[in-house]
Amino acid sequence: MEFNVQLQLAGLLEWMHQQMNACHGKTAVIGISGGKDSSTVAALAVAAYGKENVMGVLMPDGVQPDIDYSNGLVDVLDIPHVTINIHDAVQGVVKEMERVGLTPSRQTLVNLPSRIRMATLYAVAQTVEQGIVINTSNLSEDYCTIYGDSAGAFSPLGMYTTEEVIALGRALGLPERFLIKPPSDGLTGLTDEDNLGFTYHAVNEYVRRGVCDP
């Protein structure tokens, strides 16, 4: 069945209202990476709650080469935002592990920043007025760091594929540069698709049509 973006958008915004009311929340707290998911969720939140009720949180780990995307998004949406650098927090945990004789594994170093980012989002949410953390994961990329990017009160994109997320973002008027930024792991310089060995389009075809075409 063809994806009707306007119909989906109307229903999604109503659902987001219901979810926020159920959480007794007011301010949508969103981690901003500048990619399609956080950009689309932020734009949805502006449409659903008004830009004054959205708080964007930029969380570089030291120097982030693509931070201009995040800064550009909050400027385009004109939302309140803060930048909290998580580098010292990440390194503090790593150094304490090493001090007690534990050598962090590669997986530890990959997942720790995500978990610290989520702890940061909840700290912000508990500081602003009736803050609620909104998850930004989508259906196609639903592999996640437990207690990291999997956390949030609700997930507006949880049942949408990457291509459907892009369609929603376009319908919300987001500039194309925020929708076509290739997702990457932030560690190896590789895109998610490089690491996976297949494209998200192939994932989407399997999810929606049951077609497996490597």
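Nothing here was measured: the structure is a model prediction, and the numbers come from that model.

### Section: the pairing of strand β2 (residues 54-58)
- Among the five residues in β2, five count as buried, and that is most of the element.
- Both faces of β2 are covered, namely the face carrying Val 54, Gly 56 and Leu 58 and the face carrying Met 55 and Val 57.
- Taken together, the four bridges between strand β1 (residues 27-31) and β2 define a ladder with parallel strand orientation. Of the residues in β2, the one forming a bridge with Ala 28 is Val 54.
- You can see the chain leave β1, run along helix α2 (residues 36-49) and come back into β2, and the turn it takes is right-handed.

### A word on the pattern of salt bridges
- The tally for this structure, following the rule as stated, stands at four salt bridges.
- A salt bridge links Lys 51 to Asp 78, with the shortest nitrogen-to-oxygen separation between them at 2.6 Å. Here Asp 78 lies in the loop between α3 (67-77) and β3 (81-83) and Lys 51 lies in the loop between α2 and β2, a separation of 27 residues in the sequence.
- Of the residues examined, Lys 51 reaches a relative accessible area of 37% and is grouped as partly exposed.

### Brief notes about the side chain of Thr 120
- Note on placement: Thr 120 falls in helix α5 (residues 106-125).
- If sequence neighbours within four positions are ignored, Thr 120 has contacts with Met 59, Ile 84 and Ile 86.

### Regarding the nonpolar core
- Core analysis: the biggest nonpolar cluster contains 33 residues, and Met 16, Ile 30, Tyr 49 and Ile 134 have the highest contact counts within it.
- Listing elements by their share of this core, those giving two or more residues are α1 (5-22), β1, α2, β2, α3 and α6 (162-171).
- It is α2 that contributes the most residues to this core, seven residues altogether.
- Counting 15 residues, the second-largest nonpolar core is a separate cluster that includes Met 55, Met 59, Val 94 and Val 133.

### Points about α5
- Given a rise of 1.5 Å per residue, 20 residues ought to cover 28 Å, and the 30 Å separating the end C-alpha atoms of α5 matches this to within 8%.
- When the local axis directions of α5 are compared, the greatest deviation, roughly 25°, occurs at Leu 112, which is followed within four positions by the proline Pro 113.
- For α5, every residue scored as buried is listed here: Asn 111, Leu 112, Pro 113, Ser 114, Ile 116, Met 118, Thr 120, Leu 121, Val 124 and Ala 125.
- Buried-residue contacts for α5 involve β1, β2, α4 (87-99) and β4 (131-133).

### What about unusual backbone geometry?
- The phi angle at Asp 78 is positive, at roughly 55°, despite the residue not being glycine.
- Although it is not a glycine, Gln 130 sits at a positive phi angle of roughly 45°.
- When you line up the elements, Gln 130 lands in the loop between α5 and β4.
- For Gln 130, a relative accessible area of 41% gives the class partly exposed.

### Remarks on the confidence of the model for the protein
- Put simply, the protein has an average pLDDT of 88, and 83% of its residues get 70 or more.
- A low-confidence stretch, residues 202-208 (pLDDT under 50), is modelled with 20 contacts involving residues beyond four sequence positions or located in other chains.

### Re the side chain of Thr 27
- Topologically, Thr 27 is positioned in strand β1.
- Relative accessible area serves as the criterion here: at 9%, Thr 27 is assigned to the buried category.
- Contact partners of Thr 27, with chain neighbours within four places excluded, come to Met 20, Asn 53, Val 54, Met 55, Val 128, Glu 129, Gln 130, Gly 131 and Ile 132.

### A few points about the sheet that holds β1
- Reading across the sheet, the four strands line up as β3-β2-β1-β4 and stay open at both edges, with parallel pairing between neighbours. Looking at strand neighbours, the two that pair on one side only are β3 and β4, the edges of this open sheet. Neighbour to neighbour, the strand axes of the sheet diverge by 25° on average, direction disregarded.
- Of the strand pairs in this sheet, β2 and β3 are connected by three bridges, and their pairing is parallel.

### Observations concerning α2
- Between its first and last C-alpha, α2 extends 20 Å over 14 residues, near the 20 Å set by a 1.5 Å rise per residue.
- Those residues of α2 that fall on the buried side of the exposure criterion are Lys 36, Asp 37, Ser 38, Ser 39, Thr 40, Val 41, Ala 42, Ala 43, Leu 44, Ala 45, Ala 48 and Tyr 49.
- Contacts from the buried residues of α2 go to α1, β1, β2, α3 and α6.
- Within two residues after α2, Gly 50 carries a phi angle of roughly 90°, on the positive side.

About the cut-offs
Residues numbered from 1 in each chain as written. Predicted model: local features only at pLDDT ≥ 70, side-chain atom pairs only at ≥ 80, totals over all residues. Heavy atoms only, no water. Buried < 20%, exposed > 50% of the residue type's maximum accessible area, 1.4 Å probe, protein only. Helix = DSSP H or I, 4+ residues; strand = E, 2+ residues; numbered from the N terminus. Pairing = 2+ DSSP bridges. Right-handed = clockwise from strand over helix to strand, strands pointing away. Salt bridge = Lys/Arg side-chain N within 4 Å of Asp/Glu carboxyl O. Contact = heavy atoms within 4.5 Å. Core = buried A, V, L, I, M, F, W, Y, C linked by side-chain atoms within 4.5 Å. Expected span 1.5 Å × (residues − 1). Bend = angle between axes of the 7 residues up to and from the residue. pLDDT = per-residue confidence, 0-100. Axes fitted to C-alpha atoms, helices over the stretch in contact; angles between N-to-C directions.

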